[in-house]
Amino acid sequence: MAVRPALQRKFIAEADAAFPDEPTAVVALDSSHSPFLSMPGRLADVIAEQG
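Caption draft 1: Representation of the overall build of the protein chain in the model. Of the regular secondary structure elements, the protein chain holds three helices and zero strands. Overall, the protein chain shows an N-to-C arrangement of helices and strands of α-α-α. Looking at the protein chain as a whole, 10% of its 51 residues qualify as buried. As presented, the protein chain carries roughly 4300 Å² of accessible surface, and 61% of it is formed by carbon and sulfur atoms. Between the averaged position of the 4 positive side-chain charges in the protein chain and that of its 7 negative side-chain charges there is a distance of 12 Å.

Structure follows, in structure tokens:
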């Protein structure tokens, strides 16, 4: 929780406003601090779906 969800949403909104032709893709995962360790398969699926 180094960057709280409300601040994350603010950053996303600002990025989308600055670059409207490249909207941010957001996927929320119910994971531990590092989804790379706690759910690597699901994270890989999400990354593959975005590509």
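Caption draft 2: Inspection of the pattern of salt bridges at higher detail. In the structure shown here, the tally under the stated rule is two salt bridges. Here Glu 14 makes a salt bridge to Lys 10, at a shortest N to O gap of 2.7 Å. Of this pair, Glu 14 and Lys 10 both sit in helix α1 (residues 5-18), four residues apart, which is roughly one turn of the helix. Assessed through its relative accessible area of 44%, Lys 10 is described here as partly exposed. Here Glu 49 and Arg 42 are joined by a salt bridge, their closest N and O atoms 3.8 Å apart. Exposure remark for Glu 49: the relative accessible area of 57% places this residue in the exposed category. Taking relative accessible area as the criterion, Arg 42 reaches 37% and is therefore assigned partly exposed.

Caption draft 3: Region of interest: the environment of Ala 13. Looking at where Ala 13 falls in the secondary structure, it is placed in helix α1. Residue classification places Ala 13 among the partly exposed residues on the basis of a relative accessible area of 46%. Between the C-alpha atom of Ala 13 and that of Pro 23, which follows or precedes it by ten residues, the distance is 9.2 Å.

Caption draft 4: Local environment of a nonpolar patch on the surface. Taken together, Val 3, Leu 7 and Phe 11 make up a surface patch of nonpolar side chains, about 230 Å² in accessible area. You can see Phe 11 is positioned in helix α1.

Rules and cut-offs
- Counting starts from 1 at the beginning of each chain's written sequence and moves along it residue by residue.
- In keeping with the model being predicted, local features are shown solely for residues with a pLDDT of at least 70 and side-chain atom pairs are shown and tallied solely at 80 or more, while totals for entire chains, interfaces and linings include all residues.
- Only hydrogens and water are set aside; all other atoms, that is, all heavy atoms of the structure, feed into the side-chain values.
- Going along the chain from the N terminus, every DSSP run of H or I of four or more residues is numbered as a helix, and every run of E of two or more is numbered as a strand.
- Partly exposed residues are those whose accessible area sits between 20% and 50% of the maximum for their type, while under 20% is buried and over 50% is exposed, using a 1.4 Å probe and protein chains only.
- Areas reported as accessible are Shrake-Rupley estimates using a 1.4 Å probe. Residue values count occlusion only from the protein chains shown.
- Only four residue types enter the charge count: Lys and Arg as positive, Asp and Glu as negative, with His and the chain ends excluded.
- Working definition for charges: the position is that of NZ of Lys, CZ of Arg, CG of Asp or CD of Glu.
- Here, a salt bridge means any Lys or Arg side-chain nitrogen found within 4 Å of an Asp or Glu carboxyl oxygen.
- Each patch is assembled from residues with relative accessible area greater than 30% and no salt bridge, linking like charges that lie within 9 Å and nonpolar side chains (Val, Leu, Ile, Met, Phe, Trp, Tyr) that lie within 5 Å.

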